[in-house]
Amino acid sequence: MQPAAIFNHSLTQLRGMLQKIEASSGDVLAARLHEDMLPFASHVRATTNFALRGCCALAGLDTVSFDGGEPSFAALARQIDDTMDHIAAIPPERFDGSAERLCRDRAGFADIALPGDEYLNLYILPNFYFHFSMVYAIARSQGAAIGKQDFDGYHLYAPGFSFEQPAR
């Protein structure tokens, strides 16, 4: 599967979740799971940026970013849309030989250089899904009406279903 297809699926889910979160949550943009963690809006941005960092490096292109100004739902939605458009515009043949292509990046304070296969599977995807999961977790902690089906696009639960155990 092309890297672009992997990211497109999850970014589509993120875009849909963002709409539901905006409609059902209060002031979630600055919310954090813990005081020393990034806020919600930064996790949305990091999710899109890891998709770009992965696809651009694997395609042998300069990495771009669509971070834009003050965090708002509109700006975050635009960033997701711009990211998806950019990734979709990368010709599939640009990914030919990407498994062996040396990809360089910055991981926190560390400089890394990994073959494309390791770069994608051991660095980019774990970080992409970490930040995507934080978006979900923060939104749920703030009362957003989203569920696992919104996250992965495959699960389906009956209306009103809950994992909560009945009182004894």
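Please refer to the structure placed before this passage.
One numbering rule holds for all chains: residues counted from 1, following each sequence as written. Thresholds applied to this predicted model are a pLDDT of at least 70 for local features of residues and 80 or more for the giving and counting of side-chain atom pairs; totals over whole chains, interfaces and linings are not thresholded and use all residues. Neither water nor hydrogens contribute to the side-chain values; these are computed over all heavy atoms in the structure.

Peer 1: So what exactly am I meant to see when it comes to the overall build of the chain here?
Peer 2: Numbering of helices and strands runs from the N terminus, with a helix taken as a DSSP run of H or I at least four residues long and a strand as a DSSP run of E at least two residues long. From N to C terminus, the chain includes 5 helices and 2 strands. Secondary structure of the chain in N-to-C order comes out as α-α-α-β-β-α-α. We compute the radius of gyration over the C-alpha atoms and compare it with the globule rule, which gives 2.2 Å times the number of residues raised to the power 0.38. Taking 168 residues into account, the globule formula puts the C-alpha radius of gyration at 15 Å, and the chain, at 17 Å, falls close to it. Each principal axis of the C-alpha atoms in the chain carries an extent, and together these give about 55 × 35 × 30 Å. Throughout this description, buried means an accessible area under 20% of the type-specific maximum (1.4 Å probe, protein chains only), exposed means over 50%, and partly exposed covers the range between. Buried residues in the chain amount to 40% of all 168 residues. We call two residues in contact whenever any of their non-hydrogen atoms come within 4.5 Å of each other. If you take every contact in the chain between residues at least 6 apart in sequence, the share linking residues at least 24 apart comes to 68%. The protein chains shown are the only cover counted for residues, whose accessible areas, like all others here, come from Shrake-Rupley with a 1.4 Å probe. Total accessible area computed for the chain in this model is approximately 9400 Å², and 54% of it derives from carbon and sulfur atoms. For the purpose of charge, His is not counted, nor are the chain termini; Lys and Arg are scored as positive and Asp and Glu as negative. Taken as the charge location is NZ of Lys, CZ of Arg, CG of Asp or CD of Glu. Between the averaged position of the 13 positive side-chain charges in the chain and that of its 20 negative side-chain charges there is a distance of 3 Å.

Peer 1: I would appreciate a short explanation of helix 2 (residues 40–58) in the present structure.
Peer 2: Since there are 3.6 residues in each turn of an α-helix, residues three or four apart along the chain are aligned in direction. Take the residue count of a helix, subtract one, and multiply by 1.5 Å to get its expected span. Taking 1.5 Å per residue as the helical rise, helix 2 with its 19 residues ought to reach 27 Å, and the 27 Å between its terminal C-alpha atoms agrees with that figure. Judged by how many residues are buried, helix 2 sits mostly within the fold: 18 of 19 residues are covered. Trailing helix 2 by a residue or two, Gly60 shows a phi angle of about 70 degrees, which is positive.

Peer 1: What am I meant to see in the nonpolar core here?
Peer 2: The tendency in soluble globular proteins is for nonpolar side chains to be buried side by side. For our purposes a nonpolar core is just a set of buried Ala, Val, Leu, Ile, Met, Phe, Trp, Tyr and Cys residues, chained together by side-chain atoms within 4.5 Å. Within the largest apolar cluster, 43 residues are counted, with the highest numbers of intra-cluster contacts made by Phe7, Leu11, Ile21 and Phe40. Secondary structure elements with two or more residues in this core: helix 1 (3–24), helix 2, helix 3 (73–88) and helix 4 (116–141). In terms of residue count, helix 4 provides more of this core than any other element does, 10 residues in total. Apart from the residues lying within four places of it in its own chain, the contact partners of Ile21 are Val28, Phe40, Phe73, Val135, Ala139, Ala144 and Ile146.

Peer 1: What is the right way to read the environment of Leu52 from this model?
Peer 2: Assignment of secondary structure puts Leu52 in helix 2. The buried category is assigned to Leu52, whose relative accessible area is 0%. Note: C-alpha distance between Leu52 and Ala4 (48 residues apart in sequence) is 9.2 Å.

Peer 1: So what exactly am I meant to see when it comes to the packing of aromatic side chains here?
Peer 2: Aromatic ring pairs: the centre-centre distance and the angle between the two ring planes describe each pair. Between the rings of Phe, Tyr and Trp (Trp by its six-membered ring), a pair exists once the centres lie within 6.5 Å; its type follows the angle of the planes, with under 30 degrees stacked, over 60 edge-to-face, and the other angles tilted. One pass over the full model with this rule turns up 12 aromatic pairs. Their ring planes at 70 degrees and their centres at 5.8 Å tell us that Phe50 and Tyr123 sit as a pair that is edge-to-face. A residue pair is termed long-range when its members are at least 10 positions apart, and Phe50 in helix 2 and Tyr123 in helix 4 qualify at 73 residues. Since its relative accessible area comes to 7%, Phe50 is described here as buried. Seen from their ring centres, Tyr136 and Phe151 are 5.8 Å apart, and the 75 degrees between their planes marks the pair as edge-to-face.

Peer 1: Would you mind going over the side chain of Thr47 with me for this structure?
Peer 2: Position of Thr47 relative to the elements: it lies in helix 2. With residues up to four places along the chain from it excluded, the contact list for Thr47 reads Leu11, Leu14, Phe128, His131, Phe132 and Val135.

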